[in-house]
Amino acid sequence: MIDSDNLKKFTWFLFVFLVFLLAFGPSGFKYFWPAFVVVLLSALMWTFYLVYACERFAVYITSITIMVVGVFSLMACTAAYLVASRFWGKTSIAALMIWPVPMGIASLTYWVLANGKPSFHPFEYDGIKVQPRPQKKQKISTAYSPLLVAGATTLAASMFTKTVGSLTTGMVAMFGLTTFSMTVLFYARHIIRGLRTLRIQEKTMPTPYTFMQIDEIREARSRWWFSKLFKWVASWRKSPGA
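Numbering of residues starts from 1 in each chain and follows the order in which that chain's sequence is written. Residue-level local features of this predicted model are given only where pLDDT is at least 70; pairs of side-chain atoms are given and counted only at 80 or more, and the full residue set underlies all totals for whole chains, interfaces and linings. Just so you know, side-chain values use all the structure's heavy atoms and leave hydrogens and water out.

Draft legend 1. Structural detail: the packing of helix H3 (residues 57-88) against helix H5 (residues 101-114). To obtain each axis, a line is fitted to C-alpha atoms, and for helices this fit is confined to the stretch in contact; angles are then taken between N-to-C directions over 0 to 180 degrees. The secondary structure listing takes helices from DSSP runs of H or I that are at least 4 residues long and strands from runs of E that are at least 2 residues long, numbered from the N terminus. The contact between H3 and H5 brings their axes to 8 Å, and the two run at 150 degrees. Judged by the twist between their axes, the crossing of H3 over H5 is right-handed. Contacts between H3 and H5 involve Thr62, Val69, Gly70, Ser73, Leu74, Ala76, Cys77 and Ala80 from the former and Pro102, Met103, Ala106 and Tyr110 from the latter. Under the scheme applied here, ten amino acids are nonpolar (Ala, Val, Leu, Ile, Met, Phe, Trp, Tyr, Cys and Pro), four are charged (Asp, Glu, Lys and Arg), and all others, including Gly, are polar. Of the residues that constitute the contact of H3 with H5, the class distribution is 9 nonpolar, 3 polar and no charged. Two helices cross in a left-handed way if the nearer one is turned anticlockwise from the farther one by less than a right angle. They cross in a right-handed way if the turn is clockwise. Between two residues, a contact is recorded if the distance between any of their heavy atoms is within 4.5 Å.

Draft legend 2. Quick look at the nonpolar core. Judged by nonpolar contacts, the single largest core of 39 residues is most densely connected at Ile2, Leu7, Phe57, Tyr60, Leu195, Leu198 and Phe211. Those elements that place two or more of their residues in this core are helix H1 (4-22), helix H2 (32-52), H3, helix H8 (189-202) and helix H9 (214-221). Top contributing element to this core by residue count: H3, with 11 residues. Contacts of Phe211, omitting those with residues within four sequence positions, involve Ile2, Leu7, Cys54, Glu55, Arg56, Phe57, Tyr60, Lys129, Val130 and Ile217. Side-chain atoms within 4.5 Å are what join buried Ala, Val, Leu, Ile, Met, Phe, Trp, Tyr and Cys residues into a set we call a nonpolar core. Relative accessibility decides the category of a residue: with a 1.4 Å probe and only protein chains considered, values under 20% of the type maximum give buried, values over 50% give exposed, and everything between is partly exposed.

Draft legend 3. Structural detail: the pattern of salt bridges. Whenever a carboxyl oxygen of Asp or Glu lies within 4 Å of a side-chain nitrogen of Lys or Arg, that contact is scored as a salt bridge. Taken as a whole and judged by the stated rule, the model has 5 salt bridges. Close ionic contact of Glu55 with Arg218 constitutes a salt bridge, the shortest N to O distance being 2.9 Å. Residue Glu55 is located in the loop between H2 and H3, and its partner Arg218 is located in helix H9; the two are separated by 163 residues in the primary sequence. Among the ionic pairs, Glu219 bridges to Arg223, the shortest N-O distance being 2.3 Å. Look at Glu219 and you get partly exposed, because its relative accessible area is 44%.

Draft legend 4. Looking closely at the environment of Ser4. Note on placement: Ser4 falls in helix H1. Overall, the relative accessible area of 6% leaves Ser4 in the buried class. With 212 residues separating them along the chain, Ser4 and Glu216 place their C-alpha atoms 6.9 Å apart. Setting aside residues no more than four positions away along its own chain, Ser4 makes contact with Glu216, Ile217, Ala220 and Trp224. A distance of 2.6 Å separates a polar atom in the side chain of Ser4 from a polar atom in the side chain of Glu216. Think of a polar contact as two N or O atoms within 3.5 Å of one another; within protein, one of them needs to be a possible hydrogen donor and the other a possible acceptor, and neighboring residues in sequence only count if both atoms come from side chains.

Draft legend 5. Quick look at the packing of aromatic side chains. Stacked, tilted and edge-to-face are the three classes assigned to paired rings of Phe, Tyr and Trp, where Trp is represented by its six-membered ring and a pair needs centres within 6.5 Å; plane angles under 30 degrees give stacked, over 60 edge-to-face, the rest tilted. Evaluation of the coordinates by the stated rule reveals 15 aromatic pairs. Geometrically, the ring pair formed by Phe57 and Phe211 is edge-to-face, given 6.1 Å between the ring centres and 70 degrees between the ring planes. With Phe57 in helix H3 and Phe211 in strand E3 (residues 210-211), this residue pair connects regions lying 154 residues apart in the sequence. When its relative accessible area of 0% is taken as the criterion, Phe57 is described as buried.

Draft legend 6. Main features of H1. To estimate the expected span of a helix, subtract one from its residue number and multiply by 1.5 Å. Relative to the 27 Å expected for 19 residues at 1.5 Å per residue, H1 spans 27 Å between its end C-alpha atoms, a close match to the ideal helical length. Among the residues of H1, Ser4, Leu7, Thr11, Leu14, Phe15, Leu18, Val19, Leu21 and Leu22 are the ones counted as buried. The buried side chains of H1 occupy one side of the element, clustering within an arc of 160 degrees when seen end-on. Of the residues in H1, the exposed ones pointing more than 90 degrees away from the buried face are Lys9 and Val16. Tucked into the core, H1 has its buried residues touching H2, H3, E3 and H9. In this context, the arc is that of the directions from the helix axis out to the C-beta atoms.

Draft legend 7. Structural context of the environment of Leu82. Here Leu82 is to be found in helix H3. Between the alpha carbons of Leu82 and Gly170 there is a distance of 7.1 Å; along the sequence they are 88 residues apart.

Printed below as a string of structure tokens:
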């Protein structure tokens, strides 16, 4: 369920995580940090929009899907750059060209899946209000704690690094994270295709699809001062032409 609390916390969490991963890019290049600042400001403004102003369901879910996959793709990009820099140096053009390869593979996978034939529609409707169809609850025996999984993964990675060395670990991480990004996209293929269907339908609609809990989200936004700032800026931009 996408309510105001989940919308706010999860979107900001993804933004912080993405910025953290971007900071580990090819920083040895002359224009890396200016580019980083531009991307940071762009991502910040888009996050502000998603949390405090966006009411279009398809826009929000598409953005979140891209951000989730982007987290793992950026991790793969960082691993690819670190491996390439061991061979050609941190400031080499070859290492820079290797850095976006995992992201390119994930983007191509997304495009292929988005243009595939839908076999299941993952959303349910109430007029123009939309929400994902409820999924069956996970059994207790298979519901693993994310912290436990993260801790086990970190321990395994540390032991693997000591055994085979950082270079081999980097290559395994690069291929593993790239594969994982593609796997996430594959499992989200119904959502990706469903969002494409929503965007096509919206072209013939006077009002785009919105959240099922839009009334609760609007009420919460009326209390958030950033939302008030967005409304003030929007009204100020409209007033000169009135």
